[in-house]
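One-letter residues, chain by chain:
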Amino acid sequence: MSTSAVSPDTAPAMPPAGYYAPFTRVVVDYVQAQGVDATPVCQALGMNLAQLADEHLRVPSARLSQALAVAAHLCGDANAPLRIASLVRPAHMGSLGYAVMSSASGGDALALFEKLQSLLCTEIRGQHQVVGHTIEARQELLGPVPRSTAFWTFFVASRLGFARWVSGRALVPLRLDLPCPAPADPGPLQRFVEAPLRFDMPDCREVMPLDWLGWSNPNADPAVHALMSSQAGQRLQTLGQQAGEAVAQLRQQVAHSLREEGLVPTLEVLSQRMAQGLAPGAMPSARQLQRRLAELGLNFKTLVEDVRREEAMRHLEHTGLPLADVARLAGYADTSTFHRAVRRWTGKTPLEVRERARRNTAG
């Protein structure tokens, strides 16, 4: 197949959101391996082969979904997205993939992936929490991600398949929730996952045994891990520099809302305020702000928490305002909630924080 399947002159403009372009190349590789012309897949992705090798380009989730559907049609196999997912390897994810592959343990790998996940995709952000004896990972949508069965089959199967490949273990989750209709025949996906599946759910959730965090990685390599983590971190820093200005303005809007209103409006309201008086398109939309936050390893909830902490600590350490006023300026409706927040941040009560600051100033 020619590398000019889609001419750079005629390819659609590439929006700065979606999947790392080299990752999506796995769909083309699979179709070509079946002896089928993959030109329609490239057209669905909106890129030629040279562009799919460019780490600075991204493919929107909607285009990846379309490409998976095209691949299934070309190969005459409704289960092609599942088979494609099994081919995902570190090379498809660049430095992020190799950094995860060389991590010391399952817990290290998961934490690193979540920290750097915007390198792979800026339209979906996963976060895990330990719930009892389980790990629950929830996927937050930051862009127009389709509720496509082909896409979500590929998504969950690629994550599970990659974890099995890295660990060398037959990892079996406890349950998977998918935000899409069930396939006509869920049997192949069910046999691959080997756990209960729930379709048409509000969001994507993966529930896993807690001991997944503790398995030792047979591919652990400290030297490779340090090198690849450094490279991935540098790429993330570049993304962060591009995202930083809009996020800085958002922080200012959050702080202003706390001071003037005692609460924080929704991200949609804040984005509208930021756009007032500017030309259309000059300020990111709410969804675009979500993606900018993801590029910095944040979400709106954590940003608001950060600003609240900064406001509270500034007033506690540098003013003599009553605690009730400090609580109000930090966006807390009552002092008991404020006390709990300060103790969570510092391990001390608000009065202890204030007294420590006074001693430091006097010293």
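Look up a bit, the structure's there.
The structure presented is a predicted model; accordingly, all values stated were derived computationally and were not measured.

Enquirer: Break down the overall build of the protein chain for me, with residues and values.
Expert: Secondary structure assignment for the protein chain yields 17 helices and 7 strands. Taking the principal axes of its C-alpha atoms as reference, the protein chain extends roughly 75 × 50 × 40 Å. Looking at the protein chain as a whole, 50% of its 363 residues qualify as buried. Looking at charge distribution, the protein chain has the averaged site of its 36 positive side-chain charges lying 4 Å from that of its 33 negative ones.

Enquirer: How would you sum up the packing of aromatic side chains? Please name residues and give values.
Expert: Per the stated rule, a full pass over the model turns up 9 aromatic pairs. Aromatic side chains Y19 and F151 sit 6.2 Å apart centroid to centroid with 70° between the ring planes, which places their arrangement in the edge-to-face category. Here the residue Y19 occupies a position in strand β1 (residues 19-20), and F151 occupies one in helix α9 (residues 149-167), the gap between them amounting to 132 residues. Here the two residues Y19 and F151 agree in accessibility, since each one is buried. A centroid spacing of 5.0 Å and a plane angle of 65° characterise the contact between W152 and F155, whose relative ring orientation is edge-to-face. Here W152 pairs with F155, and both are found in helix α9, just 3 residues apart, close to one helical turn. As far as burial versus exposure is concerned, W152 and F155 are alike and both buried. Taken together, the ring pairs in this structure connect Y19, F23, F151, W152, F154 and F155 into an aromatic cluster. Note that R164 overlies the ring of F192, its terminal NZ or CZ placed 4.9 Å from the centroid. Sitting over the face of the ring of Y332, R308 holds its NZ or CZ atom 4.6 Å from the ring centroid.

Enquirer: Residue-level account of helix α16 (residues 335-346), with values.
Expert: A turn of α-helix holds 3.6 residues, and therefore any two residues three or four places apart point the same way. An ideal rise of 1.5 Å per residue puts 16 Å on 12 residues; α16 measures up with 16 Å between its terminal C-alpha atoms. Of the residues trailing α16, G347 is marked for its positive phi of about 80°.

Enquirer: Would you mind going over the nonpolar core in detail, with residue names and values included?
Expert: The biggest cluster of nonpolar side chains holds 70 residues, and the ones touching the most others in it are Y19, V27, V41, W152, F154 and L178. Broken down by element, the residue count for this core peaks at 10 residues, all from α9. Setting aside residues no more than four positions away along its own chain, V27 makes contact with V41, L64, A67, L68, A71 and I84. Grouped together as the second largest cluster of nonpolar side chains are 17 residues, A246, L250, V304 and V307 included.

Enquirer: Give me the sheet that holds strand β4 (residues 134-141): which residues, what numbers.
Expert: Across the sheet, which stays open at both edges, the 5 strands sit in the order β3-β4-β7-β5-β6 with mixed pairing between neighbours. At either margin of the open sheet sits one strand with a lone partner, and together these are β3 (124-131) and β6 (197-198). Alignment of β3 against β4, held across 8 bridges, turns out to be antiparallel. Considered in β4, the bridge of V130 is made with I135. This element, helix α8 (residues 106-116), spans β3 and β4 of the sheet and lies at about 145° to β3.

Enquirer: I'd like to hear about the pattern of salt bridges, residue by residue, with values.
Expert: For side chains of opposite charge, pairing can occur when their charged atoms come near one another. Applying the stated criterion to the full structure yields 13 salt bridges. Taking the shortest distance from any N to any O, the salt bridge between D306 and R309 comes out at 2.7 Å. In this pair, D306 and R309 are both assigned in helix α14 (residues 300-318), 3 residues apart and thus about one turn of the helix distant. Classification of D306 by relative accessible area gives buried; the value is 18%. Each member of the salt-bridge network shares a partner with another, and the members are E136, R138, D203 and R205.

Enquirer: Can you lay out the packing of helix α4 (residues 61-75) against α9 for me, pointing to particular residues and giving the numbers?
Expert: Across the interface, α4 lies against α9 with an axial gap of 8 Å and an inter-helix angle of 100°. Between α4 and α9, the interaxial angle falls into the category roughly perpendicular. Of α9, the residues touching α4 (which contributes S61, L64, S65 and L68) are A150, F151 and F154. In the contact of α4 with α9, the residues fall into 5 nonpolar, 2 polar and no charged.

Enquirer: Requested: an account of unusual backbone geometry, with residues and values cited.
Expert: Despite not being glycine, E194 has its phi angle at roughly 65°, a positive value. Take E194: it is sitting in the loop between α10 (187-193) and β6. One non-glycine residue, D200, lies in positive phi territory at about 55°. Overall, D200 belongs to the exposed group, its relative accessible area being 52%.

Enquirer: Tell me about the pairing of β4, and name the residues and values.
Expert: Each regular strand displays side chains that alternate between the two surfaces of the sheet. Counting buried positions over the 8 residues of β4 gives 6, a clear majority of the element. Remark: 2 residues form the turn of the hairpin made by β3 and β4, two consecutive strands paired antiparallel; G132 in that turn has positive phi of roughly 65°. Sheet topology note: the β4/strand β7 (residues 204-209) ladder contains 6 bridges and is antiparallel. Residue pairing for β7: T134 is matched across the bridge by P209.

Conventions and cut-offs
Residues numbered from 1 in each chain as written. Predicted model: local features only at pLDDT ≥ 70, side-chain atom pairs only at ≥ 80, totals over all residues. Heavy atoms only, no water. Helix = DSSP H or I, 4+ residues; strand = E, 2+ residues; numbered from the N terminus. Buried < 20%, exposed > 50% of the residue type's maximum accessible area, 1.4 Å probe, protein only. Lys, Arg positive; Asp, Glu negative; His and termini not counted. Charge placed at Lys NZ, Arg CZ, Asp CG, Glu CD. Phe/Tyr/Trp six-rings, centres within 6.5 Å; stacked < 30°, edge-to-face > 60°. Lys NZ or Arg CZ within 6 Å of the ring centre and 35° of its normal. Expected span 1.5 Å × (residues − 1). Core = buried A, V, L, I, M, F, W, Y, C linked by side-chain atoms within 4.5 Å. Contact = heavy atoms within 4.5 Å. Pairing = 2+ DSSP bridges. Axes fitted to C-alpha atoms, helices over the stretch in contact; angles between N-to-C directions. Salt bridge = Lys/Arg side-chain N within 4 Å of Asp/Glu carboxyl O. Parallel < 35°, antiparallel > 145°, perpendicular 65-115°, else oblique. Nonpolar A, V, L, I, M, F, W, Y, C, P; charged D, E, K, R; others polar.

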